[in-house]
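# A closer look at the structure
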Amino acid sequence: MKVLYIGYHKENSDWGKMTQNNILALDAAGVDVACRGVELGEPTPLVDRVSQLEQKDIDGCDVCIQHVFPNSVVGSRKFKKNIAILSNSFVDLNHTATIEYLKQVDEVWVSNEDNKRNIEDTLNVKVVPNPCDVGKFKQRYQDLQIPQTKGKFIFYAFLNSKETATIDTIFSCFHAEFDYTDKATLLVVVTDPSDEAQQRVNQISQQAKTTLRLHKDPSKYIKEVIITDVNLSSEHLLSVHQCGNCLLDFSNLPWPTHAINAAGLGSKVILTDFGGSKDILTKFPECGHAISYSLKCSKKSDGFLDLGLGTDFVCIPDEREIRTAMRHEYEEWLKNPVSFERSARTLGYSVCDSLSLQNVGSKMKEILSND
């Protein structure tokens, strides 16, 4: 068996990193793999091994894996098996052209069970979680020097300033649950780094405090920490995971990359009970809390293709459950901060080890070999 892997691994994005990790996972499991990159977006330097695999001859490839947008998937009879990886966010695809695009291939890989259940009636679907390089969890990153967080339990989140509903949820839940009698703080990293973006997040924070009406004077609320950097890098984000105690992440992404990094660096996680987040917390419940949700029609002005239209949905997390989960983790930490942090790191590393390049690569190899 020889695999041709086609994808956006040259792109400087989470998708690009995910694609590189999939290629490395196949290679780590001993699969004969050659890769070819599709130019898209800002380029990024490739790790040496991926560069080497890109130079390999593709003669004799009998399996093709296409890790591209659905409308770029191509049907072919040149291969024993033609596979598409679906990495897009969705709750319901059954009213979209995506299904028709994917019918061109023999098999579709998705990263979580919820996505599989949604499309398995019409497509041949397998679940393959996204692998991660566990080596980054054995490193020490630069310590953040933030006086407001010293000696406090740190809730933290990575937020795009356009995610207004999620921003409001996180600020509202934190400020409704904690006040200056608690040793808790909220650290927010704005991931679309600009002065305008940081200002928008600050405005949503102020509005949340005003509409909560718990204090007439907004200065009576805990002063959260909102930071960004025009040169924001993956190392900066890992530094935040390293210093934080509990990640708040209610994105609808198919795979919780931030949550995996959080667990690997010793943080607990509070996530929506959907998709990859649900799978992780079902297998490792001690690592955090899965929050139930309601569904709201998706309405995105900048949606891609016919994904994210009103026939799909977004998950709206239950704010009472969020507050209960936040209080629980804070109280557990308060009992013994050192023990709490040691336990979180041990549990989190178990999560990441199960998703190592070698382990996920072995799962990929098994799927390919059994057909």
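Residues numbered from 1 in each chain as written. Predicted model: local features only at pLDDT ≥ 70, side-chain atom pairs only at ≥ 80, totals over all residues. Heavy atoms only, no water.

Inspection of every chain in the model, using the stated rule, returns 1 cavity of 30 Å³ or more. Roughly 50 Å³ of volume is contained in the largest cavity. Broken down by class, the residue content of the lining of the largest cavity amounts to 3 nonpolar, 4 polar and 1 charged. (1 Å grid on protein atoms, 1.4 Å probe; cavity = no way out; pocket = protein on both sides within 12 Å on 5 of 7 lines; lining within 4 Å. Points joined across faces, edges and corners; volume = space filled by probe spheres on them. Nonpolar A, V, L, I, M, F, W, Y, C, P; charged D, E, K, R; others polar.)

Scanning the entire structure with this criterion turns up 19 salt bridges. One salt bridge connects Arg117 with Asp114, and the closest N-O pair in it is separated by 2.6 Å. Taken together, the positions of Arg117 and Asp114, both in helix H4 (residues 113-119) and 3 residues apart, correspond to about one turn of that helix. We classify Arg117 as partly exposed; its relative accessible area is 43%. Using a relative accessible area of 12% as the deciding quantity, one classes Asp114 as buried. Within this structure, Glu177, Asp182, Arg323, Arg327 and Glu331 form a network of salt bridges that share partners. (Salt bridge = Lys/Arg side-chain N within 4 Å of Asp/Glu carboxyl O. Helix = DSSP H or I, 4+ residues; strand = E, 2+ residues; numbered from the N terminus. Buried < 20%, exposed > 50% of the residue type's maximum accessible area, 1.4 Å probe, protein only.)

The next thing to look at is the sheet that holds strand S3 (residues 63-67). Overall, parallel pairing links the 6 strands, which are arranged S2-S1-S3-S4-S5-S6 in an open sheet. If you trace the sheet from one side to the other, it starts and ends with strand S2 (32-37) and strand S6 (125-127), each paired once. Strand-to-strand twist of the sheet, defined as the mean angle between neighbouring strand axes without regard to direction, takes the value 25°. Taken together, the 3 bridges between strand S5 (residues 107-110) and S6 define a ladder with parallel strand orientation. Following the sheet pairing, Val108 is matched in S6 by Val125. The strands touched by helix H1 (residues 14-28) within the sheet are strand S1 (2-7), S2, S3 and strand S4 (81-85), with S1 carrying the most contacts at an inclination of about 175°. (Pairing = 2+ DSSP bridges. Axes fitted to C-alpha atoms, helices over the stretch in contact; angles between N-to-C directions. Contact = heavy atoms within 4.5 Å.)

Below, the discussion takes up the nonpolar core. Counting residues in hydrophobic clusters, the biggest one holds 52 residues, and the most contacted among them are Leu26, Ile65 and Trp109. Tallying contributions element by element places helix H12 (residues 357-370) first for this core, with 5 residues. With 31 residues, the next largest nonpolar core counts Phe153, Phe178, Ile226 and Phe340 among its residues. (Core = buried A, V, L, I, M, F, W, Y, C linked by side-chain atoms within 4.5 Å.)

Bringing the side chain of Ser298 into the picture now. Mapping Ser298 onto the fold places it in the loop between strand S13 (293-297) and strand S14 (313-317). Excluding anything up to four places from it in sequence, Ser298 contacts Gly308, Leu309, Gly310, Asp312, Phe313 and Val314.

Moving on, we come to the layout of surface pockets. In this structure, the second largest pocket occupies an estimated 520 Å³ of space. As for the second largest pocket, its lining consists of 20 residues, and the residues nearest its centre are Ile154, Gln242, Cys243, Gly244 and Glu341. Listing elements by their share of the lining of the second largest pocket, those giving two or more residues are helix H7 (234-243) and helix H11 (337-354). Taken together, the residues of the lining of the second largest pocket sort by class into 7 nonpolar, 7 polar and 6 charged.

Our next topic: the pairing of S4. Across the 5 residues that make up S4, a large majority, 5, are buried. The side-chain alternation of S4 yields two buried faces, one formed by Lys81, Ile83 and Ile85 and the other by Asn82 and Ala84. Bridge count for S4 against S5 is 3 bridges, and the pairing is parallel. Bridge pairing links Ile83 to Glu107 in S5.

With that settled, consider H1. The end-to-end C-alpha separation of H1 is 21 Å, in line with the 21 Å expected for 15 residues at 1.5 Å each. Among all positions of H1, only Trp15, Gly16, Met18, Thr19, Gln20, Asn21, Asn22, Ile23, Leu24, Ala25 and Leu26 are buried. Structurally, H1 contributes buried residues whose contacts are with S1, S2, helix H2 (48-54), S3, S4 and H12. Measuring from the side-chain oxygen of the N-cap residue of H1 to the backbone nitrogen of Trp15 gives 3.3 Å; that N-cap residue is Ser13. Gly30 lies just past H1 and shows a positive phi near 90°. (Expected span 1.5 Å × (residues − 1). Polar contact = N/O pair within 3.5 Å; in protein donor to acceptor, adjacent residues only side chain to side chain.)

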